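Residue-level structural notes
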Amino acid sequence: MLLDAGESIKALSDYLGLSDLGFTLRTYTHLLPSSESRTRKAIDDAFTARSRRKPESLRAHHYPQQNQCALAA
């Protein structure tokens, strides 16, 4: 239940009183929740936050103004 709730292997190991983190990983790794949904959520959140920015801030971030040479002016 702790792993499913997002608690770390280290916290689980401490809670169970196990001193060997490797043993805890080998024994309980099959109970770790899939990172697929966390990864998908992180990417979705990044794109959502990005789409909420003002258009001019996006342009400034992706297309910084470059110094023009005197001949181009």
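Summing up its helical and strand segments, the chain has four helices and zero strands in all. Out of the 73 residues belonging to the chain, those deemed buried represent 7%. For the chain, the accessible area works out to roughly 6600 Å², and carbon and sulfur atoms hold 56% of it.

This next bit is on the pattern of salt bridges. Applying the stated criterion to the full structure yields three salt bridges. For Asp 14, the salt bridge identified is with Lys 10, shortest N-O distance 3.0 Å. With Asp 14 and Lys 10 both in helix H1 (residues 9–16), this residue pair falls four residues apart, about one helical turn. With a closest N to O distance of 2.7 Å, Lys 41 and Asp 45 form a salt bridge. Placement of the pair is Lys 41 and Asp 45 together in helix H3 (residues 35–51), with a separation of four residues, close to one helical turn. Owing to a relative accessible area of 40%, Asp 45 belongs among the partly exposed residues under this scheme.

What follows is about the environment of Phe 23. On the secondary structure map, Phe 23 appears in helix H2 (residues 21–28). Judged by relative accessible area, Phe 23 falls into the partly exposed class, the value being 40%. For the pair Phe 23 and Ser 13, spaced ten residues apart in sequence, the C-alpha to C-alpha distance is 8.8 Å.

So, on to the packing of H1 against H2. At a closest axis distance of 9 Å, the pairing of H1 and H2 adopts a crossing angle of 105°. Looking at the two axes, H1 sits roughly perpendicular to H2. Residues Ile 9, Lys 10, Leu 12, Ser 13 and Leu 16 of H1 lie in contact with H2, whose contacting residues are Leu 21, Thr 24, Leu 25 and Tyr 28.

This part covers a nonpolar patch on the surface. Together, Leu 2, Tyr 15 and Leu 16 make up a nonpolar patch on the protein surface, roughly 310 Å² of accessible area in all. Within the secondary structure, Leu 16 is located in helix H1.

A word on the side chain of Thr 24. Among the secondary structure elements, Thr 24 is positioned in helix H2. Apart from residues no more than four positions distant in its own chain, Thr 24 is found in contact with Ile 9, Leu 12, Ser 13, Leu 18 and Thr 29.

A word on the side chain of Ser 13. By secondary structure assignment, the location of Ser 13 is in helix H1. With a relative accessible area of 2%, Ser 13 lands in the buried category.

The rules behind the values
- Residues numbered from 1 in each chain as written.
- Predicted model: local features only at pLDDT ≥ 70, side-chain atom pairs only at ≥ 80, totals over all residues.
- Heavy atoms only, no water.
- Helix = DSSP H or I, 4+ residues; strand = E, 2+ residues; numbered from the N terminus.
- Buried < 20%, exposed > 50% of the residue type's maximum accessible area, 1.4 Å probe, protein only.
- Areas by Shrake-Rupley, 256 points an atom, 1.4 Å probe, with all protein chains shown as cover.
- Salt bridge = Lys/Arg side-chain N within 4 Å of Asp/Glu carboxyl O.
- Axes fitted to C-alpha atoms, helices over the stretch in contact; angles between N-to-C directions.
- Parallel < 35°, antiparallel > 145°, perpendicular 65-115°, else oblique.
- Contact = heavy atoms within 4.5 Å.
- Patch = residues over 30% accessible without salt bridge, like charges linked within 9 Å, V, L, I, M, F, W, Y side chains within 5 Å.

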